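Listed here are the chains, written in short residue letters.
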Amino acid sequence: MQEGNAEVAREAFAAFAARDLERLSRVLAEDVSWHTPGTGVLAGDYHGRAEVLGYLRRALELTGGTQRVQPVDLLIGRDHVAALVEVTGERGGRVLADRAVQLLAFRDGQIAMRRLYPSDQEAFDRFWAP
């Protein structure tokens, strides 16, 4: 299932890049948990497909659609994929350019959990500050 999980991860990143949240929703488990660290306006825990999709819509709104999450490399395990990603965006005159890790856990061929680990948490928090 390792390669299958990698394909699901790639599909999720491609769907977000295409701004196709309906397509993205198909690879998220109904009870997905999503964690974004820090103190910014999007920091926190999101539970369930609807909350996660709301989070993603909000991120796109806050950045005027400029946010990008581009996978650089995937480390594939049995039930997890660690994705090294380039996260970029613009917001209120601020620019985000971070290389982060997204840890994804899989269940039944869908993403069941996502945790974000920015490389520069302070810069990430400044970008997403209220």
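Procedures and definitions
- Residues numbered from 1 in each chain as written.
- Predicted model: local features only at pLDDT ≥ 70, side-chain atom pairs only at ≥ 80, totals over all residues.
- Heavy atoms only, no water.
- Core = buried A, V, L, I, M, F, W, Y, C linked by side-chain atoms within 4.5 Å.
- Buried < 20%, exposed > 50% of the residue type's maximum accessible area, 1.4 Å probe, protein only.
- Contact = heavy atoms within 4.5 Å.
- Phe/Tyr/Trp six-rings, centres within 6.5 Å; stacked < 30°, edge-to-face > 60°.
- Lys NZ or Arg CZ within 6 Å of the ring centre and 35° of its normal.
- Pairing = 2+ DSSP bridges.
- Helix = DSSP H or I, 4+ residues; strand = E, 2+ residues; numbered from the N terminus.

J.: Kindly report on the nonpolar core, identifying the contributing residues and their values.
T.: Counting 37 residues, the largest nonpolar core has Trp34, Leu56, Ile111 and Trp128 as the members making the most contacts within it. Residues in contact with leucine 56, not counting those within four places in the same chain, are Phe16, Leu21, Leu24 and Trp34.

J.: Outline the packing of aromatic side chains, supporting the account with residue identities and numerical values.
T.: The final tally for this structure, using the stated rule, is 4 aromatic pairs. Each ring, one from phenylalanine 127 and one from tryptophan 128, has its centre 4.9 Å from the other, and the planes form 90 degrees; the classification is edge-to-face. An aromatic cluster is built from Trp34, Tyr46 and Tyr55, whose rings are joined through pairwise contacts. In this structure, arginine 19 is placed above the aromatic ring of phenylalanine 16, and the distance from its NZ or CZ to the ring centre is 5.0 Å.

J.: Residue-level account of the pairing of strand E1 (residues 28-36), with values.
T.: Sheet topology note: the E1/strand E6 (residues 110-117) ladder contains 4 bridges and is parallel. Counted as the bridge partner of histidine 35 is arginine 115 from E6. As judged from the 4 bridges shared by E1 and strand E2 (residues 44-47), these two strands associate in the antiparallel manner. If you follow serine 33 over to E2, its bridge partner there is histidine 47.

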